[in-house]
Every structure is written in C-alpha cells, then in structure tokens.
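Next come the chains, spelled out residue by residue.
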Amino acid sequence: MFLPSVLALFLYFPEDKREYIPAAITCVIFLIGALVTMRLIIKISNKEALKTKELEEQVNKNQTTQGNS
C-alpha cells in the first residue's frame with residue numbers, strides 16, 4: 001500500500017521526449033569512459049603479468065644454477 005505511493009514520487013515519464021536527450025548523452029559518455037577504463041586496466045594487467053612471468057623465470061634460473069654448483 002505504502003510502497004507504490006513512495007515509488008510514484010521517483011518515477012517521472014515526461015510528455016516531451018526531448019528531455020531524454022541529456023540523459024542519453026550522459027549515459028553514452030559514462031559508457032565510453034567505462035569501456036576505456038576497462039581496456040586500460042586489461043592492458044596494464046597483461047603488462048604486469050608479463051613482467052611477473054619474466055621475473056619468475058629469472059628466479060627459477062637462478063635457483064637451478066645455485067643448486068647445480
């Protein structure tokens with residue numbers, strides 16, 4: 001009973017559909033920003049994984065040379 005009347009305060013469907021344009025533009029801007037950020041994080045993560053793998057190989061190489069001598 002109380003919930004629909006409270007939700008009705010937050011729902012607004014304008015008669016003039018041009019009022020949706022700023023919201024759509026803002027949504028697109030944030031979507032593009034999120035995609036760019038995600039790609040950047042993936043690229044940095046791949047670089048860090050490569051560095052970690054190289055470091056691991058160096059450590060393994062040093063351990064095998066110390067174990068043989």
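Above this note sits the structure.
Thresholds, definitions, all that
- Residues numbered from 1 in each chain as written.
- Predicted model: local features only at pLDDT ≥ 70, side-chain atom pairs only at ≥ 80, totals over all residues.
- Heavy atoms only, no water.
- Salt bridge = Lys/Arg side-chain N within 4 Å of Asp/Glu carboxyl O.
- Buried < 20%, exposed > 50% of the residue type's maximum accessible area, 1.4 Å probe, protein only.
- Patch = residues over 30% accessible without salt bridge, like charges linked within 9 Å, V, L, I, M, F, W, Y side chains within 5 Å.
- Areas by Shrake-Rupley, 256 points an atom, 1.4 Å probe, with all protein chains shown as cover.
- Helix = DSSP H or I, 4+ residues; strand = E, 2+ residues; numbered from the N terminus.

Colleague: Could you give an account of the pattern of salt bridges, with specific residues and numbers?
Modeller: Tallying each qualifying case throughout the model produces one salt bridge. In this structure, Arg-18 and Asp-16 form a salt bridge, with 3.1 Å as the shortest nitrogen-oxygen distance. Given the relative accessible area of 60%, Arg-18 is considered exposed. The class for Asp-16 is partly exposed, based on a relative accessible area of 32%.

Colleague: Which residues make up a nonpolar patch on the surface, and what are the values?
Modeller: Taken together, the side chains of Leu-7, Leu-11, Phe-13 and Tyr-20 make up a nonpolar region of the molecular surface, amounting to roughly 450 Å² of accessible area. Of note, Leu-11 is situated in the loop between α1 (2-10) and α2 (20-68). Of the residues examined, Leu-11 reaches a relative accessible area of 55% and is grouped as exposed.

Colleague: Give a description of the environment of Ile-42 that names residues and reports values.
Modeller: By the secondary structure assignment, Ile-42 is in helix α2. You can call Ile-42 partly exposed: its relative accessible area is 41%. Separated by 17 residues in the primary sequence, Ile-42 and Ile-25 place their C-alpha atoms 26 Å from one another.

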